[in-house]
Amino acid sequence: MPGKYSYKSVTTPEISEREIAHFNKVREIAPECMVLLKNDGILPLKKENAKIAVLGGLAEDPSYMGGGSGHMNGWKIETYLEELKAVCPDIPYAPGYPVNAGFPPAEPADPALTAAAVETAKDADILLVFAGLGYCYESEGYDRADIALPKGQQDLLDALVKLDKKIVLVLSCGSVLDVAGWKDRVRAIVYNSLGGEA
């Protein structure tokens, strides 16, 4: 992807049956590691009861590792978006903000991405909003200046809460984030930390 920082590719060795078994076990464990911080009765979702939209670049490019020496070349990375589309193939998606903007990261915001996400959200009843920190925010060699969400994510959330939709906020990061400005305006908050490959 142009403009996106990427690590040099390495050849993935042949995967053994034992490693596949380990991956499948981790896949079972991963959902149990999520922390439900808030739920006003909206979770668990029932796909037949409402139109759902997926918003936020971390749904497609998940935060599963740290940067620098925390980087890993995963054998198979499963994304929120892929898993949701496996259940609801036609679920609409818009990234809403840029992800992983270099080391150290810029404060990326893209009004066009935000506007497109708002348009996608207008036709939905429930918004699954994926936010948090990409690996470029949690890396060695520098510290975060604050605990705020990146600017593009703030802009997206500010725009979405004005639509008066039911919002489920899913956070992916390895450290604390300040979501005080939105906690009373969303129906649920799920903290997923760094999900690893599964």
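Rules used in this analysis
Residues numbered from 1 in each chain as written. Predicted model: local features only at pLDDT ≥ 70, side-chain atom pairs only at ≥ 80, totals over all residues. Heavy atoms only, no water. Phe/Tyr/Trp six-rings, centres within 6.5 Å; stacked < 30°, edge-to-face > 60°. Helix = DSSP H or I, 4+ residues; strand = E, 2+ residues; numbered from the N terminus. Buried < 20%, exposed > 50% of the residue type's maximum accessible area, 1.4 Å probe, protein only. 1 Å grid on protein atoms, 1.4 Å probe; cavity = no way out; pocket = protein on both sides within 12 Å on 5 of 7 lines; lining within 4 Å. Points joined across faces, edges and corners; volume = space filled by probe spheres on them. Nonpolar A, V, L, I, M, F, W, Y, C, P; charged D, E, K, R; others polar. Core = buried A, V, L, I, M, F, W, Y, C linked by side-chain atoms within 4.5 Å. Contact = heavy atoms within 4.5 Å. Pairing = 2+ DSSP bridges. Axes fitted to C-alpha atoms, helices over the stretch in contact; angles between N-to-C directions. Left-handed = near helix turned anticlockwise from the far one by under 90°.

Peer 1: Run through the packing of aromatic side chains, naming residues and quoting values.
Peer 2: Applying the stated rule across the entire model yields 1 aromatic pair. Considering the side-chain rings of tyrosine 80 and phenylalanine 130, the 4.6 Å spacing of their centres and the 35° angle between planes classify their relative orientation as tilted. Of this pair, tyrosine 80 sits in helix α2 (residues 80-87) while phenylalanine 130 sits in strand β4 (residues 126-132); the two residues are 50 residues apart in sequence, bridging distant segments of the chain. Phenylalanine 130 matches tyrosine 80 in its accessibility class, with the two residues each being buried.

Peer 1: Residue-level account of empty space enclosed by the protein, with values.
Peer 2: A water-sized probe, rolled over the atoms, reveals where empty space remains. Evaluated as defined, the whole model comprises 1 cavity of 30 Å³ or more. Approximately 70 Å³ is the volume found for the largest cavity. Along the wall of the largest cavity there are 13 residues; nearest its centre are Tyr97, Pro98, Val99, Pro150 and Gln153. Of the residues belonging to the lining of the largest cavity, the class tally is 8 nonpolar, 5 polar and no charged.

Peer 1: Which residues make up the nonpolar core, and what values do they have?
Peer 2: By size, the foremost hydrophobic cluster in this structure holds 44 residues, and its most contacted members are Leu127, Val129, Phe130, Leu160 and Leu169. Per-element tally for this core: the top contributor is β4, with 6 residues. Setting aside its immediate chain neighbours within four residues, leucine 160 contacts Leu55, Val118, Ala121, Leu127, Val129 and Ile167.

Peer 1: Quick rundown of the pairing of strand β2 (residues 52-55)? Include the residues and the values.
Peer 2: Neither face of β2 is left uncovered, since the one carrying Ile52 and Val54 and the one carrying Ala53 and Leu55 both have all their residues buried. Across 4 bridges, the pairing between β2 and β4 is parallel. Bridge assignment links leucine 55 to a residue of β4, and that residue is valine 129. For β2 and strand β3 (residues 93-94), the ladder comprises 2 bridges, and the chain directions are parallel.

Peer 1: Just give me the short version of the packing of helix α3 (residues 111-122) against helix α4 (residues 151-161), but keep the residues and values in it.
Peer 2: Interaxial distance between α3 and α4 falls to 10 Å at its minimum, and their mutual angle equals 35°. In this structure, α3 crosses over α4, and the sense of that crossing is right-handed. Facing α3, whose interface residues are Thr114, Ala117, Val118 and Ala121, α4 presents Gly152, Asp155, Leu156, Ala159 and Leu160. Residue classes in the contact of α3 with α4 are distributed as 6 nonpolar, 2 polar and 1 charged.

Peer 1: Break down unusual backbone geometry for me, with residues and values.
Peer 2: For the bond from leucine 43 to proline 44, the omega torsion is 0°, close enough to zero to count as cis. Mapped onto the secondary structure, proline 44 falls in the loop between β1 (35-39) and β2. One non-glycine residue, aspartate 164, lies in positive phi territory at about 60°. With respect to the helices, strands and loops of the structure, aspartate 164 is situated in the loop between α4 and β5 (166-172).

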